[in-house]
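Spelled out from the first residue to the last, the chains are:
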Amino acid sequence: MDAALRAALLEDAARAPSPDNAQPWRPRWTREGLTFTLDAERARHAFDHAGGLTDLTLGATLEAVSVAAEARGFAMNVSRQEPGVRAELRFEAAPIPPGAAERLESLRRRATDRRPYRGGDVHDDALRVRLDRVRRPPGVGLHLAPPLTGAAAAWARAALTLGWHVTGAWADTARWARHTDAEWARTRDGVHTLSLGAPGRPPPDWAWSPRVAGAAGRLGADRVWAAWMHHLLRGAAGLLVVSVREGTRDARVQAGRTLFSAWLELTAHGWAGQPVYELGAPFTALPQAPSLPPGTPARFADLYRRGRPLLAAELGLPSGSWPAWVLRVGRAPATPLPRRTLRLAPPPDAIGAW
Ligand SMILES: Cc1cc2nc3c(=O)[nH]c(=O)nc-3n(C[C@H](O)[C@H](O)[C@H](O)COP(=O)(O)O)c2cc1C
């Protein structure tokens, strides 16, 4: 791979999603291959208390590299992985597999869409065929289900208030809010507030202060938020869920790869997706009992304990499995997103030698 190819591959791989577009995995080519190292300061978030989001993000990043490499005639192997620290990738020339160009195109087009969707049928045969192609490592399941109903929907609505009650979560999210085009274009990370999908104008700057948000949460903004998400979930085709049987970090990286690969298939099918942290990630920290960020009110531990069997039954998960990452999915809105997220330039020494 010459320097131009290495640079092009990094540019495509950078389209992998990360929480709040923090982009915590920093790439660098070495003589052996490509290394990703965690930038712990970028990854810092109350919701990442057991490395759950970081692991899912690494999985999505590895899948993005694999898609970008395959389309150029290279097979990727993970030669060494220390979740939460680094991953080392090796490449060898290989025939271009069927569908590789379409997957690369989806990688370039995919974006998180937080707006209402235009329904969609989760039993659509063409979509099922696409999802059947997605690689599922042992212990990782992929499920596409219609919107939650009954007790599971009521459970989800209560769980969706979580973010307003975890100490520091608002501040950790607000640090990635980009309010103006100038700030968004300069930083090339974070999320433009115009892309947050809420109806009407985005909140003014002062509303992002943790004190204002805390007060709003106590006055019922948590329930308004949950009602809005509930509305979005009901109007979607349903949920795409990746499940795991083990709570290991490696299982979460694998789950991230599988879900991202499925997200690319949905994109090719003309569907949109939005991760919904509260419905999946809190389950992945500990297999036996839900582990929530420090400072979370005790009632949420009870809530998540009840939620596991409810979701497992409603989503048809095999026994002993639980959701690790959940996306709301459905037919994409006809109009383009107001702003797409940008990506950081690679570190100066990233292109290196190979
Ligand atoms: C592990 C993970 C969890 C995420 N959780 C949420 C979420 O709960 N809600 C949401 O709206 N977006 C969520 N996102 C989407 C990111 O905000 C999004 O990927 C990022 O801003 C980059 O934008 P893009 O996906 O459009 O490229 C999550 C992404 C990842 C990788």
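Just above sits the structure.
What counts, and at which threshold
Per chain, residues are indexed from 1 in the order of the written sequence. Confidence filtering applies because this is a predicted model: local features only for residues at pLDDT of at least 70, side-chain atom pairs given and counted only at 80 or more, and all residues used for totals across whole chains, interfaces and linings. Being near a molecule or strand means, for a residue, that its C-beta atom, positioned from the backbone, comes within 6 Å of it. Amino acids are sorted into nonpolar (Ala, Val, Leu, Ile, Met, Phe, Trp, Tyr, Cys and Pro), charged (Asp, Glu, Lys and Arg) and polar (every other residue, Gly among them). The split of the chain into domains comes from an automatic or database domain assignment. By the convention used here, strands pair only if DSSP detects at least 2 bridges between them. Strands are runs of DSSP state E lasting at least two residues, helices are runs of H or I lasting at least four, and both sets are numbered from the N terminus onward. Axis definition: a line fit to C-alpha positions, over the contact stretch in the case of helices; interaxial angles, taken between N-to-C directions, run 0 to 180 degrees. The contact criterion used here is simple: two residues whose C-beta atoms, placed from the backbone, lie within 7 Å are in contact. With C-beta atoms placed from the backbone, a residue is buried if 20 or more other C-beta atoms are within 10 Å of its own, exposed if 12 or fewer are, and partly exposed between those counts.

Caption draft 1: Main features of the site of the ligand. Close to the ligand lie 18 residues; P17, N21, A111, T112 and Y277 are nearest. Residues of the shell around the ligand, tallied by class, amount to ten nonpolar, six polar and two charged. The residue makeup of the shell around the ligand includes at least three contributed by each of domain 1 (3–109) and domain 2 (125–331).

Caption draft 2: Seen up close, the sheet that holds strand β10 (residues 322–331). One open sheet holds the four strands; their spatial order is β5-β8-β10-β9, and the pairing between them is antiparallel. The two strands at the open ends of the sheet, each matched to only one other strand, are β5 (140–145) and β9 (271–275). The average undirected angle you get between the axes of adjacent strands in this sheet is 25 degrees. Where strand β8 (residues 238–244) meets β10, seven bridges bridge the pair, whose relative direction is antiparallel. When the bridges of β10 are listed, L239 appears paired with R328. On top of the sheet, helix α12 (residues 298–315) reaches β5, β8 and β10; it is set at about 50 degrees to β10, its chief contact.

Caption draft 3: Representation of the pairing of β9 in the model. With five of five residues buried, β9 lies mostly within the body of the structure. Neither face of β9 is exposed, since W271, G273 and P275 on one face and A272 and Q274 on the opposite face are all buried. Two elements, β9 and β10, share five bridges in a ladder whose sense is antiparallel. Bridge pairing in β10 links G273 to V329.

Caption draft 4: Region of the structure containing the sheet that holds strand β2 (residues 34–38). Strand order in this open sheet of four strands is β1-β2-β4-β3, and the pairing throughout is antiparallel. Looking at the sheet topology across the chains shown, the edges are occupied by β1 (25–29) and β3 (74–82). Geometrically, the sheet is characterised by an average inter-axis angle of 20 degrees between neighbouring strands, direction not taken into account. Where β2 lies against strand β4 (residues 86–93), four bridges are found, and the strand directions are antiparallel. Bridged to L34 within β4 is L89.

Caption draft 5: A look at the environment of W155. As for its placement among the helices and strands, W155 is situated in helix α6 (residues 150–159). Residue classification places W155 among the buried positions, given that 20 C-beta atoms sit within 10 Å. Measuring from C-alpha to C-alpha, the distance between W155 and L279 comes to 9.6 Å, with 124 residues separating the pair along the chain.

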